[in-house]
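Spelled out from the first residue to the last, the chains are:
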Amino acid sequence: MHDLAFFRANLDAIGERISTRGMTLDRTQFRELDSKRRAAVTEAETLRARRNAESQQISKLKKQGLDTTGQQANVRGIGDHIAALEEQVKALEDEFRTLMAGIPNLPHESVPVGHSSEDNAEVRRRGTPPAFSFEPKAHWDLGPELGILDFERAAKVTGARFAVYWGLGARLERALINFMLDVHTREHGYTEVLPPFLINSASLFGTGQLPKFAADVFKCENFDFWLAPTAEVPVTNLYRDETLDADKLPINLCAYTPCFRSEAGSYGKDVRGIIRQHQFQKVELVKFTRAGQSYDELEKLTADAEDILNRLGLPFRTVILCTGDLGFSSAKTYDVEVWLPGQNAFREISSCSNFEAFQARRAGIRAKSGQGKAEYAHTLNGSGLAVGRTWVAIVENYQQSDGSVIIPEALRTYVDAERITPRGEMR
RNA sequence: GGAGAGGUGGCUGAGUGGUCGAAAGCAGCGGUUUGCUAAACCGUCGUAGGGGCAUUAAACCUCUACCGGGGGUUCGAAUCCCCCCCUCUCCGCCA
C-alpha cells in the first residue's frame, strides 16, 4: 500500500515506475475516483455537521421545556439524507481501497528493468557443480529407490502434490530444520519464534497476499482462518498495529513452519518430485528495520541464507530479480538458486526481499525513536532456506554411483549418519 | 461445549442517552523555581480523514469519524438492543 499523499503528488512518476513491472496504472481512473470519493466525503460530512448542530439545538430547547417535534422531523430528514450519502461514500471508498490495495510496490532504483525471469541478473556464484562419472538421477527417482520418499501413499492419504518422507528421509528433513535454526540463532543473530500455522485475513492483507492473491492460499471452511503460505505472514504480523522502539531495530526473527499453497495456475509445472508441493517446510528469516537501514539489512539477510548453502557445500548462484519478475509487495528481491544435477539447472531455494514500508503501511507497523515522530518500519524477509528443496539439493548433489547419498559434513551430527543407502526403510 | 466477568486514550481507571474526544492519576513534552538531583507549581499532551489551499510540504483554522468489530433504535449513542471477536475465572473435554 502506498502513502496516499505521496501517491497523489507523484502520480505520473509512480505510474511510469509501475509500468516497468508490466502493469499499467490508470491515472485518469485514479484521479476521477479520488476526487469523486472526496467530494462525497465532504458532502456527507457537511450534512453530519448540520445534524450535530441541530441536535444540540433540540437539546437546549428541550431543557427549556419547549416543543421540538418540528425540529426532530427536520433532523430525521437530514439523517435519511446522510444514510443515502453514506452508502455512496462506502461504495466509493471500497472501490478506492480495492484500487489502492491492488497497486504493487515500486521497484527500488537499483532493480534492473526487465520483462521476465530471463532479464534477472546474476550477482554472484559460489561452488562448482559436481562432476559425475555416471548419469545423475533426479530426486523423484532416487528418493523412492532409497526408500525415503513415497508419493503413492501420500496421494492416497491426501492427493497429488504431497509426499511422505520415511526413515532417514524424514530425519534428513528434520536435521535440516534444526541445522538451519541453530546457525541463524547462534551465529546470525536471529531470535527463534514458532508462530501459528493458521492465520486470519487481516494478517494476509498486512503482508499483501490479500485481496489480490486469495486463490493461492488454502482457506478453512467456516472460519476466518487460512493455512499460512509462508511464515512471512504470521511472523511479520507479530507486530501488526504496534509501534516499535526504533533504537532497538533491527529485530531479526527466524521461524520454522510448514507452508501451504494451492499452486493455482501452476498445473503441469514441476509435477514430478517435491519441488512444488501443496505443503512444504521452510525456515524463514524476517527483519524489522528503520527506513535508512533496510537495504544494508537486505544484503545481510541474503548472505545469511547463502551461508547455509556454503556450509552444506551446495553450489548456487544469486540473481537480482528484474522489475518484471518482482513480487507484488517487494521493492527489491534477490533469489538464491541452488544447483540441481537431476534437472541440470539452478532452482530457486530462497527469495530475499525488502518491502520497505509497503507491508508496514498495510499492517500498521511503526517505529519511533525517543520523542521523534512515529514512522513506518521497513520489513524484509527471505527463506533461510526452503527445507524440501534443500533436501532435494543434497540428495541430487551428493548421490554416488552405487545409488547411495553421502550426508554433508555439517549435517552429520544432526542426521546421525554418514550415508543413506539404497536398502531403505520404507515398508 | 456450558456458566459468569470484562474489553474506554501510552498505562491505570471514571463515565449508563444531550457541548464526552471522553474525569482523575501516572508516564511524556514545554516552562517557572533550583548549587546539583529530587520535589513543587503552571501549561501542554490521541489517531485518521475532509475542507480552508491557491505550486509541494509544514504550521494554523475548521469540520467529520473513532470508547473491541459489525448492524439497529433515537432528533441525538461510549452509554439502550441484536450479532460476532478477544481476554479472564469456573465446569466439562482433550494433547
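Basis of the calculations
- Each chain has its residues counted from 1, following the order in which its sequence is written.
- Going through the entries in the order they are written, you letter the chains from A and number the ligands from 1.
- For a predicted model such as this one, the threshold for reporting local features is a pLDDT of at least 70, and the threshold for listing and counting side-chain atom pairs is 80 or more; totals across whole chains, interfaces and linings nevertheless cover every residue.
- Side-chain numbers come from the whole structure's heavy atoms, not from hydrogens or water.
- Buried, partly exposed and exposed residues are distinguished by accessible area as a fraction of the type maximum, computed with a 1.4 Å probe on protein chains only: under 20%, between the cut-offs, and over 50%, respectively.
- Only DSSP runs of H or I reaching four residues or more are called helices, and only runs of E reaching two or more are called strands; each is numbered from the N terminus.
- Any residue with a heavy atom lying within 4 Å of a molecule or strand is counted as near it.
- Counting of polar contacts relies on pairs of N or O atoms within 3.5 Å, with two restrictions inside protein: one atom must be capable of donating a hydrogen and the other of accepting it, and residues adjacent in sequence are counted only when both atoms are side-chain atoms.
- In this classification, the charged set is Asp, Glu, Lys and Arg, the nonpolar set is Ala, Val, Leu, Ile, Met, Phe, Trp, Tyr, Cys and Pro, and all remaining amino acids, among them Gly, are polar.
- Like charges within 9 Å and nonpolar side chains (Val, Leu, Ile, Met, Phe, Trp, Tyr) within 5 Å are joined into patches, using only residues over 30% in relative accessible area that form no salt bridge.
- Methods summary: accessible areas were calculated by the Shrake-Rupley approach with a probe of 1.4 Å, and residue burial reflects only the protein chains presented.
- Salt bridges are identified by distance alone: a Lys or Arg side-chain nitrogen within 4 Å of an Asp or Glu carboxyl oxygen.
- For two strands to be treated as a pair, DSSP must find no fewer than two bridges joining them.
- As a rule, the C-alpha atoms of each element are fitted with a line to give its axis, helices using only the stretch in contact, and angles between N-to-C directions run from 0 to 180 degrees.
- What makes a nonpolar core is a set of buried Ala, Val, Leu, Ile, Met, Phe, Trp, Tyr and Cys residues whose side-chain atoms join them at distances within 4.5 Å.
- Contacts: residue pairs with any heavy atoms within 4.5 Å of one another.

Asks: Where do I start with helix H12 (residues 387–397) in this structure?
Replies: Since the α-helix packs 3.6 residues into each turn, any two residues three or four apart lie on the same face. Counting buried residues in H12 gives 11 out of 11 residues, a clear majority hidden from the surface. Among all positions in H12, only Val387, Gly388, Arg389, Thr390, Trp391, Val392, Ala393, Ile394, Val395, Glu396 and Asn397 are buried.

Asks: Would you take a moment to explain the side chain of histidine 139 for this structure?
Replies: Within the fold, histidine 139 resides in helix H5 (residues 139–146). Residue histidine 139 is classed as buried on the basis of its relative accessible area of 0%.

Asks: What exactly am I supposed to notice about the protein's contact with RNA strand B here?
Replies: The full set close to RNA strand B counts 17 residues, and Thr42, Arg48, Ser55, Val75 and Arg76 are the nearest of them. Close to the protein, within 4 Å, the atoms of RNA strand B are drawn from sugar and phosphate at a rate of 71%. Within the side chain of serine 59, a nitrogen or oxygen atom sits 3.4 Å from a sugar or linking oxygen of RNA strand B. Within the side chain of lysine 62, a nitrogen or oxygen atom sits 3.2 Å from a base nitrogen of RNA strand B. Counting residues per element, the ones that place at least two in the surface near RNA strand B are helix H3 (27–63) and helix H4 (69–101). For the surface near RNA strand B, a count of residues per class yields three nonpolar, six polar and eight charged.

Asks: How should a nonpolar patch on the surface be read in this particular structure?
Replies: Taken together, the side chains of Leu198, Phe223 and Phe225 define a hydrophobic patch exposed on the protein surface, amounting to about 290 Å² of accessible area. Among the structural elements, phenylalanine 223 can be located in the loop between helix H8 (201–207) and strand S6 (226–227).

Asks: Would you explain the pattern of salt bridges in this entry?
Replies: A side chain with one charge may pair with a side chain of the opposite charge, provided their charged atoms come close. This model, assessed by the stated rule, comprises 29 salt bridges. Arginine 186 serves as the salt-bridge partner of aspartate 182, at 3.7 Å between the closest nitrogen and oxygen. You can see aspartate 182 and its partner arginine 186 sitting in helix H7 (residues 167–186), four residues apart, about one turn around the helix. With its nearest N and O atoms 2.6 Å apart, the salt bridge here joins lysine 282 to glutamate 284. Judged by its relative accessible area of 5%, lysine 282 falls in the buried class.

Asks: Looking at this structure, how should I read the sheet that holds strand S9 (residues 279–289)?
Replies: The strands making up a sheet associate through hydrogen bonds between their backbones, and the pairing can be parallel or antiparallel. In space, the eight strands of this open sheet follow the order S1-S10-S11-S12-S15-S9-S8-S4, with mixed pairing throughout. With partners counted over all chains shown, the strands left at the sheet margins are strand S1 (121–126) and strand S4 (191–193), one partner each. The sheet shows a mean angle of 25 degrees between the axes of neighbouring strands, taken without regard to direction. Pairing geometry for strand S8 (residues 251–260) and S9, over 10 bridges, is antiparallel.

Asks: I keep staring at the nonpolar core and nothing clicks. Help me out?
Replies: Here is a general trend for soluble globular proteins: nonpolar side chains tend to be buried in one another's company. Among the nonpolar cores identified, the biggest contains 53 residues, and Leu172, Leu176, Trp391 and Leu411 are the most heavily contacted of them. Broken down by element, the residue count for this core peaks at nine residues, all from H7. Excluding residues that lie within four positions of it along the chain, leucine 411 makes contacts with Leu172, Ala175, Leu176, Phe179, Leu312 and Ile394. Within the second largest apolar cluster, 21 residues are counted, among which are Phe7, Ile82, Leu99 and Ala101.

Asks: How should the side chain of histidine 188 be read in this particular structure?
Replies: When you line up the elements, histidine 188 lands in the loop between H7 and S4. For histidine 188, a relative accessible area of 18% translates into the label buried. Among the polar contacts listed, one links the side chain of histidine 188 to the side chain of histidine 184, at a separation of 3.0 Å. Ignoring sequence-local partners within four residues, the contact set of histidine 188 consists of Val183, Asp304 and Asp307.

Asks: Would you explain the sheet that holds strand S7 (residues 242–245) in this entry?
Replies: The mixed open sheet is built from three strands, whose spatial order is S7-S13-S14. In this open sheet, the two strands that pair with only one neighbour each are S7 and strand S14 (375–376).

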